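# Structural overview
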Amino acid sequence: MDLDSATGTAPSESYYHELIGSLDAIVWEADAATFQFTFVSPQAERILGYPPEAWMAEDFWMKILHPDDLDEAVQTCLAGLREGRDTQFEYRVVAANGSTRWICDVVRLVRDEGGVVRQLRGIMVDVTERKRIAEERERFRAMVSHDLSNPLSVVLLNSDLLLQTPGALGCPGSWDVVRGILRSAEQMQRLIQDLTQGPPGERVSRLAPRPFAAGALVVDAACVGRPLASDRGIELVIASAEPVWVWADPERVLQVFGNLVGNAIRYTPPGGTIRLGTESSVAAVRFFVADSGAGIPPAKLESLLGNGRGLGAGLGLAIAREIVEAHGGTLAGESRPGAGSTFSFTLPRIARGMAPGN
């Protein structure tokens with residue numbers, strides 16, 4: 001028997017209850033044959049919202065298991081019993097308020113004098129926040145990979161083209177290839193800068209807008225995207241480039257185009273077509289990227305656009321929206337399964353008399 005170092009006597013039952021209650025975890029005991037709880041610490045109500053007495057109901061643990069984890073969690077426990085080993089595993093439960101919580105459960109087998117497992121004792125720790133951080137880190141990694149892959153592919157493809165072609169820099173159109181490399185490298189650099197400059201809404205505050213020809217923006221975007229599209233068997237064409245002017249930071253607008261064109265290339269099959277162009281009204285110019293891909297279901301399209309403020313499929317799309325909105329424009333998308341997708345953005349139009357050269 002352990003003795004209290006201060007008094008030289010065995011700690012009381014209340015001492016152990018106080019010790020268990022001080023833990024930021026659920027301490028429990030259950031019947032090994034039925035999984036029915038015989039003891040649950042008071043922290044159960046604070047962590048999951050169910051008072052200890054509710055846990056004593058038949059099949060309580062299985063009733064609060066998340067439906068997607070029910071079979072696996074039960075089978076994990078049964079496997080531990082069959083193999084006579086302790087178990088540590090993670091699963092989701094539905095809390096009393098309806099929220100989903102992640103639990104790390106450490107289960108110990110308790111044997112009688114004959115070595116037969118009679119009880120299970122364990123400790124449940126809420127690891128929801130750790131899971132959230134890990135999932136966000138993985139999502140962030142996937143988004144950065146998604147948004148850097150297209151411009152990096154352009155750099156590699158065009159660089160290889162120059163290296164494989166003797167005297168390439170003297171050939172017609174060679175400087176377009178070099179310009180594509182430069183634009184793509186700048187796009188990657190800007191994305192990396194945006195990722196390190198602050199939270200959403202603060203990453204694109206330093207715009208340098210000026211009067212710029214809308215058609216030139218479309219031509220530059222096509223110049224950057226066409227080599228990668230061609231390499232994947234996709235035709236990239238300029239559908240229209242009206243002789244109008246917009247108020248824009250051209251480097252930032254090309255960043256928006258780069259994301260939209262890159263996504264269109266990614267989801268358009270070989271033999272497909274991507275069209276770039278403009279449509280103008282009195283106050284604004286609408287730039288569009290239309291592809292002949294498989295299209296996007298409405299719910300997925302809403303997710304891609306981030307429900308107005310989320311990250312959508314990639315961080316680049318969120319930054320693209322911030323860039324457009326910082327110009328006073330809007331980013332939109334429309335699609336139907338089997339009929340392709342069109343993503344567009346608007347920029348303020350400059351009146352004819354205010355355009356350079358007038």
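Quick caveat: nothing in here was measured; it's all calculated off a predicted structure.

### As for the overall build of the protein
The helix and strand tally for the protein stands at ten helices and twelve strands. The 358 residues of the protein split such that 41% are buried. Pairs at least 24 apart in sequence give 61% of the contacts found in the protein among residues at least 6 apart. Element-wise, carbon and sulfur atoms account for 55% of the exposed surface of the protein, whose accessible area totals about 18900 Å².

### Observations concerning the packing of aromatic side chains
For the structure on display, the rule yields ten aromatic pairs. Both rings, one in tryptophan 61 and one in tyrosine 91, keep their centres 5.7 Å apart while their planes meet at 80°; by these two values the pair is edge-to-face. Of this pair, tryptophan 61 sits in helix α3 (residues 60-64) while tyrosine 91 sits in strand β3 (residues 87-94); the two residues are 30 residues apart in sequence, bridging distant segments of the chain. Note on tryptophan 61: relative accessible area 6%, which makes it buried. For tyrosine 91, a relative accessible area of 1% puts it in the buried group. Residues phenylalanine 257 and phenylalanine 287 carry aromatic rings whose centres are separated by 5.9 Å and whose planes lie at 85° to one another, so their mutual orientation is edge-to-face.

### With respect to the packing of helix α7 (residues 214-231) against helix α8 (residues 250-267)
In contact at an axis separation of 9 Å, α7 and α8 are set at 35° when each is read in the N-to-C sense. Like other packed secondary-structure pairs, α7 and α8 cross with a definite hand, here right-handed. On the side of α7, the interface is formed by Leu217, Val218, Asp220, Ala221, Gly225, Leu228 and Ala229, while α8 contributes Pro250, Val253, Leu254, Phe257, Val261 and Ile265. Looking at side-chain class alone, the contact of α7 with α8 contains eleven nonpolar, one polar and one charged residues.

### Topic: α7
Over its 18 residues, α7 runs 27 Å from end to end, which matches the ideal 26 Å to within 8%, given 1.5 Å per residue. Where α7 bends most, at glycine 225, the angle is about 40°, and the proline proline 227 comes one to four residues later. Among all positions of α7, only Ala214, Gly215, Leu217, Val218, Asp220, Ala221, Ala222, Cys223, Val224, Gly225, Leu228 and Ala229 are buried. The first or second residue beyond α7 is glycine 233, which carries a positive phi of 75°.

### Quick look at unusual backbone geometry
The residue phenylalanine 35 is not glycine, and still its phi comes out positive at about 65°. For phenylalanine 35, the location among the structural elements is in the loop between β1 (26-31) and β2 (37-40). Among the residues examined, phenylalanine 35 registers a relative accessible area of 12% and is labelled buried. Residue aspartate 59 is not a glycine yet carries a positive backbone phi of 60°. Structurally, aspartate 59 can be placed in the loop between α2 (43-48) and α3. The exposure class of aspartate 59 is partly exposed, given its relative accessible area of 33%.

### So, the pattern of salt bridges
If you walk through the whole model with that rule in mind, you get ten salt bridges. Between arginine 132 and glutamate 129 there is a salt bridge, and its shortest N-O distance comes to 2.4 Å. Within this pair, arginine 132 and its partner glutamate 129 are both found in helix α5 (residues 128-164), separated by three residues, close to a single helical turn. Among the residues examined, arginine 132 registers a relative accessible area of 36% and is labelled partly exposed. The partly exposed category is assigned to glutamate 129, whose relative accessible area is 45%.

### Describing the nonpolar core
With 39 residues, the main nonpolar core has Phe257, Leu276, Phe287 and Phe345 as its most contacted residues. Taken together, the elements giving at least two residues each to this core come down to α7, β8 (245-248), α8, β9 (273-280), β10 (284-291), α9 (298-304), α10 (315-326) and β12 (341-350). Looking at this core, the element that brings in the most residues is α8, giving eight residues. Those residues in contact with phenylalanine 287 that sit more than four places away from it in its chain are Ala214, Leu217, Val218, Val246, Phe257, Gly277, Thr278, Phe343, Ser344, Phe345 and Leu347. Listed in part, the 28 residues of the second largest apolar core include Phe37, Val40, Tyr50 and Met124.

### Points about the confidence of the model for the protein
Looking at the protein as a whole, the pLDDT averages 81, with 73% of positions reaching at least 70. With pLDDT under 50 throughout, residues 1-8 is counted as low confidence; its partners more than four residues away or in other chains account for nine contacts. Low pLDDT (under 50) marks residues 307-313, which in the prediction has 17 contacts with non-local residues, meaning those over four places away or in another chain.

Parameters and conventions
- Residues numbered from 1 in each chain as written.
- Predicted model: local features only at pLDDT ≥ 70, side-chain atom pairs only at ≥ 80, totals over all residues.
- Heavy atoms only, no water.
- Helix = DSSP H or I, 4+ residues; strand = E, 2+ residues; numbered from the N terminus.
- Buried < 20%, exposed > 50% of the residue type's maximum accessible area, 1.4 Å probe, protein only.
- Contact = heavy atoms within 4.5 Å.
- Areas by Shrake-Rupley, 256 points an atom, 1.4 Å probe, with all protein chains shown as cover.
- Phe/Tyr/Trp six-rings, centres within 6.5 Å; stacked < 30°, edge-to-face > 60°.
- Axes fitted to C-alpha atoms, helices over the stretch in contact; angles between N-to-C directions.
- Left-handed = near helix turned anticlockwise from the far one by under 90°.
- Nonpolar A, V, L, I, M, F, W, Y, C, P; charged D, E, K, R; others polar.
- Expected span 1.5 Å × (residues − 1).
- Bend = angle between axes of the 7 residues up to and from the residue.
- Salt bridge = Lys/Arg side-chain N within 4 Å of Asp/Glu carboxyl O.
- Core = buried A, V, L, I, M, F, W, Y, C linked by side-chain atoms within 4.5 Å.
- pLDDT = per-residue confidence, 0-100.

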